[in-house]
Amino acid sequence: MKRVTEPELMCSPLQVNAYADADFSETDKEIIRNLNLLLKEAEKKIDEHTLIVDLGCGPGNISERIALQWPYAKTIGIDGSLEMLELAKRRGNQLCENYGVKRLSFLHSDLSVLAGELLPLDDLADVVVSNSLLHHIHNPKTFWNSIKTISAKGSLQFHRDLRRPGSPEEVLAMQKEYLPNAPEVLKTDYIASLHAAFTVEEIRKQLEIEGLSRLKVFEVEERYLDIVGIF
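Residues numbered from 1 in each chain as written. Predicted model: local features only at pLDDT ≥ 70, side-chain atom pairs only at ≥ 80, totals over all residues. Heavy atoms only, no water.

What to know about the overall build of the protein chain
Put simply, the rule reads: Helix and strand assignments come from DSSP, with helices taken as H or I runs of at least 4 residues and strands as E runs of at least 2, each series counted from the N terminus. Atoms counted for the radius of gyration: C-alpha only. Globule rule: 2.2 Å times the number of residues to the power 0.38. Summary of the burial criterion: residues with accessible area below 20% of their type's maximum are buried, those above 50% are exposed, and those between are partly exposed, where the area comes from a 1.4 Å probe applied to protein chains only. What makes two residues a contact is simply this: any of their non-hydrogen atoms within 4.5 Å. Lys and Arg are tallied as positive, Asp and Glu as negative. Neither His nor the chain termini are counted. In plain terms, the charge of a residue is placed at NZ if it is Lys, CZ if Arg, CG if Asp and CD if Glu.
Helix and strand content of the protein chain: 9 helices and 7 strands. For 231 residues, the compact-globule estimate of 2.2 N^0.38 gives 17 Å, and the protein chain sits close to it at 17 Å. Taken along its principal axes, the extent of the C-alpha atoms in the protein chain is 50 × 40 × 30 Å. By residue count, 52% of the 231 residues in the protein chain fall in the buried class. Within the protein chain, residue pairs in contact and separated by at least 24 positions form 76% of the contacts whose partners lie at least 6 positions apart. Here the protein chain contributes 27 positively and 36 negatively charged side chains, and the mean placements of these two sets differ by 3 Å.

As structure tokens, this is what we get:
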């Protein structure tokens, strides 16, 4: 099945509200667990000098969990959708009020800006995380150039994304299995995202072309892939 791109940004109120109401807690928890394991394996210390970037943060659910897990680090969620960031900021303010989180912030920046080496951050990131971002990007080179721009040497990279199935029939079967009762906007987006996703082999080739072969990509369960390593 050939890749079919989808819109890079989620800006419609219908999408924003649907993602705000959706329960991704189990996947989010798994990402934090895996990130914690990767940090331990890399013997990477997280302290008050650490900058963690959640790239393509959307409504901020992963950013929030990072800020709660490592409250002494500085966490920044970056997204190109102002509508998503408005939601993320509101949720971040509630997190501050309810849990005293003080080092979580959000930044509006398009990946094309980051890929152009225009760094909107005060420091380079020590940890860079993304969840379901790469498949949104029409030209993956933009994603990898963004990583190169914002990442400090020796930074830990952890990027999870969907993995493209082999046929449209598999796409529909996965939608029915994993989002049987979701709102129509989420079903439609999920189908589009599976069509837009990359295969493991495609990403391996991207990493080789970009000089990032030290990052490794592997399949996770039926529908995901993880890209991990030290930059």
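Remarks on the packing of helix H2 (residues 25-41) against helix H3 (residues 61-69)
Rules: Axis lines are fitted through C-alpha atoms, for helices just across the contact stretch, and the angle between N-to-C directions can take any value from 0 to 180 degrees. To sort the angles, those under 35 degrees are grouped as roughly parallel, those over 145 as roughly antiparallel, those from 65 to 115 as roughly perpendicular, and the leftovers as oblique. Left-handed is the label given to a crossing in which the near helix is rotated counterclockwise from the far helix by less than a right angle, and right-handed is the label when the rotation is clockwise.
Viewed as axis vectors pointing N to C, H2 and H3 meet at an angle of 45°, and their least axial separation amounts to 10 Å. By the criterion of interaxial angle, the relationship of H2 to H3 is oblique. Of the two elements, H2 crosses H3, and the hand of that crossing is right-handed. Taking contact as the criterion, the partners of Ser 25, Asp 28, Lys 29, Ile 31, Ile 32, Leu 35 and Asn 36 in H2 are, on H3, Asn 61, Ile 62, Arg 65, Ile 66 and Gln 69.

As for the nonpolar core
In summary, soluble globular proteins display a tendency toward joint burial of nonpolar side chains. Spelled out, the test is: Only buried residues count toward a nonpolar core. Its members are Ala, Val, Leu, Ile, Met, Phe, Trp, Tyr and Cys residues joined through side-chain atoms within 4.5 Å.
In this structure, Leu 55, Phe 143, Trp 144, Ile 203, Leu 207 and Ile 227 are the most contacted members of the largest nonpolar core, which totals 27 residues. Those elements that provide at least two residues to this core are strand S1 (51-55), strand S2 (74-79), helix H5 (111-115), strand S4 (125-131), helix H6 (140-150), helix H9 (200-209) and strand S7 (224-230). Among the elements that take part in this core, H6 stands out by supplying 4 residues, more than any other. Among residues more than four places away in sequence, those in contact with Ile 227 are Leu 134, Trp 144, Gln 157, Phe 158, His 159, Ile 203, Leu 207, Leu 215, Lys 216 and Val 217.

Focus on the sheet that holds S2
Pairing between the strands of a sheet comes from backbone hydrogen bonds, and it takes one of two forms, parallel or antiparallel. Inclusion rule: Note on pairing: DSSP must find at least two bridges between two strands before they are called paired.
Pairing within the open sheet is mixed, and its 7 strands lie in the order S3-S2-S1-S4-S5-S7-S6. Of all the strands in the sheet, the pair left with one neighbour each is strand S3 (104-108) and strand S6 (216-220). Adjacent strand axes in the sheet meet at a mean angle of 20° when their direction is disregarded. Pairing analysis gives 5 bridges linking S1 to S2, with the strands arranged parallel. When the sheet's bridge partners are listed, Leu 55 is paired in S2 with Ile 78.

Some words on the pairing of S1
Taking burial as the measure, the 5 residues of S1 include 5 buried ones, the bulk of the element. The side-chain alternation of S1 yields two buried faces, one formed by Leu 51, Val 53 and Leu 55 and the other by Ile 52 and Asp 54.

With respect to the packing of aromatic side chains
Let me state the cut-off plainly: Two rings belonging to Phe, Tyr or Trp (six-membered ring only in the last case) form a pair when the distance between their centres is within 6.5 Å. Interplanar angles under 30 degrees mark stacking, angles over 60 mark edge-to-face geometry, and anything in between is tilted. In this scheme, the term charge over a ring applies when either NZ of a lysine or CZ of an arginine sits within 6 Å of the ring centre and within 35 degrees of the ring normal.
For the structure shown, the criterion picks out 1 aromatic pair. Their ring planes at 85° and their centres at 4.8 Å tell us that Phe 143 and Trp 144 sit as a pair that is edge-to-face. Trp 144 matches Phe 143 in its accessibility class, with the two residues each being buried. The lysine or arginine in question, Arg 160, covers the ring of Tyr 224, its NZ or CZ lying 5.2 Å from the ring centre. Just above the ring of Phe 231 sits the side chain of Arg 214; from NZ or CZ to the centre is 5.3 Å.

Comments concerning the pairing of strand S5 (residues 151-162)
What counts here: Here a crossover is taken to be right-handed if, once the strands point away from the viewer, the path from the first strand over the helix to the second is traced clockwise.
With 10 of its 12 residues buried, S5 lies for the most part within the structure. Where S4 meets S5, 6 bridges bridge the pair, whose relative direction is parallel. From the neighbouring strand, Ser 130 faces S5, where its bridge partner is His 159. Each parallel crossover has a hand, and the one from S4 via H6 to S5 is right-handed. Strand direction decides the pairing type here: S5 and S7, joined by 7 bridges, are antiparallel. Its bridge partner being in S7, Arg 160 is matched across the sheet by Asp 226.

Brief notes about the side chain of Arg 163
Heads up, the rule is: Between N or O atoms, a polar contact is any pair within 3.5 Å; within protein, one atom must be a potential hydrogen donor and the other a potential acceptor, and residues adjacent in sequence are included only when both atoms are from side chains.
With respect to the helices and strands, Arg 163 occurs in the loop between S5 and helix H7 (168-178). The exposure class of Arg 163 is buried, given its relative accessible area of 12%. Polar side-chain contacts of Arg 163 include one of 2.8 Å to the backbone oxygen of Glu 222. Contacts of Arg 163, omitting those with residues within four sequence positions, involve Leu 194, Ala 197, Phe 198, Val 200, Glu 219, Val 220, Glu 221, Glu 222, Arg 223, Tyr 224 and Leu 225.

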